[in-house]
Amino acid sequence: MPQGKQDGFTLESIAKDLTKLGGEPVHYRGYTHETCDYWKIVTDSSLLVNDADEDLCFELVSPVLQNENGLVSLRKIMNNIRRLGVATNASCSFHVHVDAECNSEIGSLEGLKRISQCFVSLENAFDMLVGLSWDLRSTEEGRRANSNEFCRSNRL
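Residues numbered from 1 in each chain as written. Predicted model: local features only at pLDDT ≥ 70, side-chain atom pairs only at ≥ 80, totals over all residues. Heavy atoms only, no water.

## Comments concerning the nonpolar core
- Counting residues in each nonpolar core, the largest one holds 15 residues, and the members touching the most others are Leu11, Ile14, Leu18, Val26, Ile41, Phe58 and Ile77.
- Contributing elements (two or more residues each) for this core: α1 (11–20), β2 (39–42) and α2 (67–84).
- With five residues, the single largest contributor to this core is α2.
- Dropping the residues within four chain positions of it, Leu18 is found in contact with Glu24, Val26, Ile41, Asn80, Ile81 and Leu84. (Core = buried A, V, L, I, M, F, W, Y, C linked by side-chain atoms within 4.5 Å. Buried < 20%, exposed > 50% of the residue type's maximum accessible area, 1.4 Å probe, protein only. Helix = DSSP H or I, 4+ residues; strand = E, 2+ residues; numbered from the N terminus. Contact = heavy atoms within 4.5 Å.)

## What about the pairing of β2?
- By the alternation rule, side chains of β2 split into Trp39 and Ile41 and Lys40 and Val42, which are all buried.
- Here strand β1 (residues 26–30) pairs with β2 via four bridges, running parallel. Pairing of Gly30 across the sheet is with Val42, part of β2.
- Alignment of β2 against strand β3 (residues 59–61), held across three bridges, turns out to be antiparallel. When the sheet's bridge partners are listed, Val42 is paired in β3 with Glu59. (Pairing = 2+ DSSP bridges.)

## Examining a nonpolar patch on the surface
- Nonpolar side chains collect at one region of the surface, where Val96, Val98, Leu112 and Ile115 lie side by side and expose about 300 Å² of accessible area between them.
- In this fold, Leu112 is placed in helix α3 (residues 109–121). (Patch = residues over 30% accessible without salt bridge, like charges linked within 9 Å, V, L, I, M, F, W, Y side chains within 5 Å. Areas by Shrake-Rupley, 256 points an atom, 1.4 Å probe, with all protein chains shown as cover. Salt bridge = Lys/Arg side-chain N within 4 Å of Asp/Glu carboxyl O.)

Rendered as structure tokens:
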């Protein structure tokens, strides 16, 4: 969050403010990989701040999201993030974990191929989810997915 420290924000207060905005409960959890049934704010050392003295840096992790209700939950939380004034930079990304257990709908090689093809075809739309801070020095280098060390484009 740009100038979040200067403005008196903490990761705990951001979680509380997101919860107050409605729709989805959000909790600050520090550094953890536990799966929760609520949205959580965690620390993430792969994210970079523009100003270490002023900016707050965090990862917002969803609970398991399923079907249309999951998309509604994502839409609500993203709208609330915008309302708080949270901004992103090139270290930000959007990632999705997919259930690929043997008995799941995509638990086969063909199923994984289908989901991968769908993601690649929608990659630009996913890029749009991570903010407006494009670095447009060139068409390919300016893509956010190519600016993030941990999240490169899936296109060949």
